[in-house]
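Take a look at the letters that make up each chain.
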Amino acid sequence: MEYLIIIISAIFVNNILLAQFLGICPFLGVSNKLSTATGMSGAVCFVITLATVVTFLLNKYLLVPFGLEFLQTISFILVIAALVQMVEIVLKKISPSMYQALGIFLPLITTNCAVLGVAITVVTKEFTFGAESHMLNLAQAVVYALATSVGYAIAMILFAGLREHLAGNDVPKSFKGLPIALITVSIMAMAFLGFSGMV
């Protein structure tokens, strides 16, 4: 039951883009096309999950035992940067077209606050299950990271589909581009707010 609560909460109730507003830069920048939004979502999902596992283990077995918790942020950023470089190298070899389509936004995953936000949340926040609250163990941390990244992907792909649809519609000149995109995001955020009573 705890895992179901974590999944529903991370995907719908506390969606990282629409409720916590983390990772907005690539969300607005890459969501013009459904194909690039899907690719970016996949890359972010992979990096969030892998970064969460690595940073969780780094924190538990190195930083906390040696009293180095004050180095969490900088060490997490270094881990994320290394993982993004790895993803970039793999994408360049496996899918050059996706690598070209993502362009500048692939290195931006390094500074994507959604990735760092999930890593820090997992090691610092206490989650409440029923009457008791406790820190997440590794399995729960992985489930939380996967669910959060799925929530990111759902929001990104839905938004990209809406933006593609809006591009073909007659939008007033003053609302074309970013203004109508921001209005669309705000309506999506209100729709996701409807899930807040679930957990």
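What you see is a predicted model, and the numbers here were worked out from it, not measured in a lab.

**Student:** Hey, could you run me through the packing of aromatic side chains in this one?
**Tutor:** The relation between two aromatic rings is expressed through the spacing of the ring centres and the mutual angle of the planes. The full count for this structure, using the stated rule, is four aromatic pairs. Through pairs of rings, three or more aromatic residues link up here, namely Phe-12, Phe-192 and Phe-195.

**Student:** Help me understand the environment of Leu-17 in this model?
**Tutor:** Position of Leu-17 among the secondary structure elements: in the loop between α1 (2–13) and α2 (24–29). Sequence separation between Leu-17 and Val-115 is 98 residues, and the spatial gap between their C-alpha atoms is 11 Å. Apart from the residues lying within four places of it in its own chain, the contact partners of Leu-17 are Leu-22, Gly-23, Ile-24, Phe-27, Tyr-152, Ala-155 and Met-156.

**Student:** Hey, could you run me through the nonpolar core in this one?
**Tutor:** Most often, soluble globular proteins keep nonpolar side chains buried together rather than apart. Counting residues in each nonpolar core, the largest one holds 51 residues, and the members touching the most others are Leu-18, Phe-27, Ile-109, Val-122 and Tyr-144. Broken down by secondary-structure element, the contributors of at least two residues to this core are α1, α2, α3 (34–63), α4 (72–94), α7 (113–124), α8 (138–167) and α9 (178–193). Not counting residues up to four positions away in its chain, the partners in contact with Val-122 are Thr-52, Phe-56, Met-135, Leu-136, Ala-141 and Tyr-144.

**Student:** Help me understand a nonpolar patch on the surface in this model?
**Tutor:** Together, Phe-46, Met-86, Val-90 and Ile-94 make up a nonpolar patch on the protein surface, roughly 390 Å² of accessible area in all. Of all the elements, α4 adds the most residues to the nonpolar patch, at three residues. Structurally, Met-86 is set in helix α4. Judged by relative accessible area, Met-86 falls into the partly exposed class, the value being 38%.

So, how was this worked out
- Residues numbered from 1 in each chain as written.
- Predicted model: local features only at pLDDT ≥ 70, side-chain atom pairs only at ≥ 80, totals over all residues.
- Heavy atoms only, no water.
- Phe/Tyr/Trp six-rings, centres within 6.5 Å; stacked < 30°, edge-to-face > 60°.
- Helix = DSSP H or I, 4+ residues; strand = E, 2+ residues; numbered from the N terminus.
- Contact = heavy atoms within 4.5 Å.
- Core = buried A, V, L, I, M, F, W, Y, C linked by side-chain atoms within 4.5 Å.
- Buried < 20%, exposed > 50% of the residue type's maximum accessible area, 1.4 Å probe, protein only.
- Patch = residues over 30% accessible without salt bridge, like charges linked within 9 Å, V, L, I, M, F, W, Y side chains within 5 Å.
- Areas by Shrake-Rupley, 256 points an atom, 1.4 Å probe, with all protein chains shown as cover.
- Salt bridge = Lys/Arg side-chain N within 4 Å of Asp/Glu carboxyl O.

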